[in-house]
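# Observations on chain architecture
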Amino acid sequence: MKNRATDQQISRSAANMEINSSFKNLLLCCSVVLLLCCSVGCASVSIDQQREADFHHKMGISYLNEGNIQMAFVQLQKAFQLNPDNKEILNSLGLIYLQLEEFEKAKSLFHKAVSIDPKFSDAHHNMGVAYINTRQVKEAIESFQEALSNPLYQTPEKSFYLLGLSYYRLNQFEPAINAFKDSIKRAPLFAFSYYGLALAYNKIERYGDAASIITRAIEIDPSYKGDRASFIEAVKKRLLTAKDEEESDLRDYLEIMRY
C-alpha cells in the first residue's frame, strides 16, 4: 500500500510537485511504500505482542490511506507501545508526524528505524523529506543518498527526484539535472522529475530543452494529459497564494511555457 500524504508535507521546498491535485496522492515529494509485515522485534517482545502490534500497524495504515490521521495515529501508537523496536512501525509513525508537521519527532523516529536497519531505504527517504521541511537541505541530500545506496530499494525514482530538487535549491544545477535524469531512467512516466528537470534546464539557459521537457511532463501527467492550457491555468491559480520558492518556481514554469 501507499500512504496518501497531504501537500503540506513538502510544500515549502517542493512547490513544483504541488501544481496539480495528483500530489495529494503522493508522498514527500514524493509516495512511500509501506510494508505491512512487521519485522521481528527484540527478544523481550513476545510472539503474541508482535502479532497484536502487526494488527494495529495494518489498521493504522488502512486509516492513513483513508485520510483519517487521528485514527491512524491511535492505531500506530498502540503498535509502537507493543513493539517499540520494530522498524516498520517506527517508520509509519514517523509518517504521521510528518503529516502533523512535527518534524523533529518524525526525524527521531526515522533515525531510530535506520539505526535498527541501516539499509532501510524508506526511512532514509522519509528522513530526507523531514529535513527538507526544516530547510536542512544538505542533510536531506545525505538521507536521499543513503536511501539510494541500497540496490534493493524499490522506489528509487522518488529519492532521485527529491535529491535533484535538493541540489536545485542549493543552485547546484548540474547535479540536480543528473539526479532528475536518473529518476526518469528508472520511472519514465514519473512526471514530477520532468518538471524538476525543466526548471534546472531553464536556470542554465537551455531554454529549448526546458520547453521540450515540460511539454513531455504535461503529456504524461494524468492531471493534464497534454492540455497545456489547463496546466497554465493551474499555475496561475496557485500563484495567487504562492510565496518564496514556490512562487519563483511557478513563475519559471510560465516563462518556460513561452518558449
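Residues numbered from 1 in each chain as written. Predicted model: local features only at pLDDT ≥ 70, side-chain atom pairs only at ≥ 80, totals over all residues. Heavy atoms only, no water.

### Overview of the pattern of salt bridges
- Overall, the coordinates contain 15 salt bridges when judged by the stated rule.
- Between K203 and D252 there is a salt bridge, with the nearest N and O atoms lying 3.4 Å from each other. Pair noted here: K203 is in helix α9 (residues 191-203) and D252 is in helix α12 (residues 244-257), with a separation of 49 residues, a long-range link.
- For D209, the salt bridge goes to R206, with nearest N and O atoms at 2.8 Å.
- Its relative accessible area of 33% is what places R206 among the partly exposed residues. (Salt bridge = Lys/Arg side-chain N within 4 Å of Asp/Glu carboxyl O. Helix = DSSP H or I, 4+ residues; strand = E, 2+ residues; numbered from the N terminus. Buried < 20%, exposed > 50% of the residue type's maximum accessible area, 1.4 Å probe, protein only.)

### Concerning unusual backbone geometry
- One non-glycine residue, R135, adopts positive backbone phi at about 60°.
- Its location among the elements puts R135 in the loop between α5 (121-133) and α6 (137-148).
- For R135, a relative accessible area of 49% translates into the label partly exposed.

### A few points about the packing of aromatic side chains
- Summed over all chains, the structure comprises 11 aromatic pairs.
- Measuring from ring centre to ring centre gives 5.7 Å for Y195 and F231, while their planes differ by 5°; the resulting arrangement is stacked. Residue Y195 is located in helix α9, and its partner F231 is located in helix α11 (residues 228-239); the two are separated by 36 residues in the primary sequence.
- For F231, a relative accessible area of 0% gives the class buried.
- Through pairs of rings, three or more aromatic residues link up here, namely Y161, F180, F190 and F192. (Phe/Tyr/Trp six-rings, centres within 6.5 Å; stacked < 30°, edge-to-face > 60°.)

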